[in-house]
Amino acid sequence: MKAAVKRRSGSRWVGWLFVLPAAAFYVVFVIQPLAMTVQYSLYKWDGIGVATWTGVQNYLRVFTDPDLFASILNAVKLIVFFSAVPVVLGLVIAATIRRIATSRLALVARTVIFLPQVIPLVAAGITWSWLLSSTGLVNQILTSIGLEKITRAWLGDFSTALPAVGVIGAWVLLGLCTLLMLAGMSKIDPALYEAARLDGAGPFREFFSITLPSLRQEIGVCVTVTVVAALASFDIVYISTQGGPGNASMVPGLEIYYLAFSERQVGLASALAVVLTVLVIACALPIQWLTRERKS
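Since this is a predicted model, take the numbers as computed values, not measurements.

The rules behind the values
- Residues numbered from 1 in each chain as written.
- Predicted model: local features only at pLDDT ≥ 70, side-chain atom pairs only at ≥ 80, totals over all residues.
- Heavy atoms only, no water.
- Patch = residues over 30% accessible without salt bridge, like charges linked within 9 Å, V, L, I, M, F, W, Y side chains within 5 Å.
- Areas by Shrake-Rupley, 256 points an atom, 1.4 Å probe, with all protein chains shown as cover.
- Salt bridge = Lys/Arg side-chain N within 4 Å of Asp/Glu carboxyl O.
- Helix = DSSP H or I, 4+ residues; strand = E, 2+ residues; numbered from the N terminus.
- Buried < 20%, exposed > 50% of the residue type's maximum accessible area, 1.4 Å probe, protein only.
- Polar contact = N/O pair within 3.5 Å; in protein donor to acceptor, adjacent residues only side chain to side chain.
- Contact = heavy atoms within 4.5 Å.
- Phe/Tyr/Trp six-rings, centres within 6.5 Å; stacked < 30°, edge-to-face > 60°.
- Lys NZ or Arg CZ within 6 Å of the ring centre and 35° of its normal.

(A) Structural context of a nonpolar patch on the surface. A surface patch of nonpolar side chains, about 670 Å² in accessible area, is lined by F25, Y26, V27, V28, F29, V30 and I31. Tracing the backbone shows F29 in helix α1 (residues 2-40). Judged by relative accessible area, F29 falls into the exposed class, the value being 54%.

(B) Local environment of the side chain of S233. When you line up the elements, S233 lands in the loop between α10 (216-231) and α11 (235-240). A relative accessible area of 7% places S233 in the buried class. At a separation of 3.0 Å, a polar atom in the side chain of S233 contacts the main-chain carbonyl oxygen of A230. When residues no more than four places from it in sequence are discounted, the contact partners of S233 are L78, F82, V251, G253 and L254.

(C) The packing of aromatic side chains, seen in detail. Counted by the stated rule, this structure contains eleven aromatic pairs. Ring plane angle 55° and centroid distance 6.4 Å describe the contact between F63 and F69, whose orientation is recorded as tilted. Relative accessible area serves as the criterion here: at 33%, F69 is assigned to the partly exposed category. Pairing F234 with Y238 gives two aromatic rings, centres 5.6 Å apart and planes at 5°, and the pair type is stacked. Using a relative accessible area of 27% as the deciding quantity, one classes F234 as partly exposed. Against the face of Y193 rests R98, its NZ or CZ located 4.2 Å from the ring centre.

And the structure:
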């Protein structure tokens, strides 16, 4: 008996030894920087000189400074483009591809739709900056069909800069959502669809009664990933608009970068980073809870 207990104890320690490298890496590169960010957020510091204790003043400024709070609101607005649009369109496109799964068109459609996901975000931002410029392809097409009155520099206009960035983000994330939905649909029992057709159900009835309820977890993953991408957006905004014109497309990730490395307000940047982290967690956890699989 004692020998068996010793073997189990030894096995437990061997398991911890396997976990130790990953745990150490996580502590050093995730937990420690997060703790230091919280610490910096309580000080007024330029990154070089002596830090001055300010308590929660940096956090109060995040919520009272119009420019800083507007960047958070812009990130929330981007959720509509980064999350709602790719998830809804991904569902529709995946359902369409599933119905033509045996044709060559389905393979081509999957490849074309997923292609933006493998393109570097910097390249995507540069390409869309050309397309949406005042002399870009989008305005050329609008002019050719008689809609020259609505042409503009889409990324340089105060009213359209943020939606234009959202369109770029939706284009990038659409492929990921579509493939995740397709993967979820592949595990649905075909007998369910056959039974529904025997009962006289049409495509819409099949979609809302069988496909949609069966994709609870896949939808949860898509919404979580895209919401986090919207709140933590940086690359696309930096390349396409750099937060302009003015602060029309400024987002927290870019604001943190400017505060820390351009304006030398490390404490304020850290406070905004902490607020952004809490906002991401506050959005992600309810989504995961609502879309997790319920056990009967």
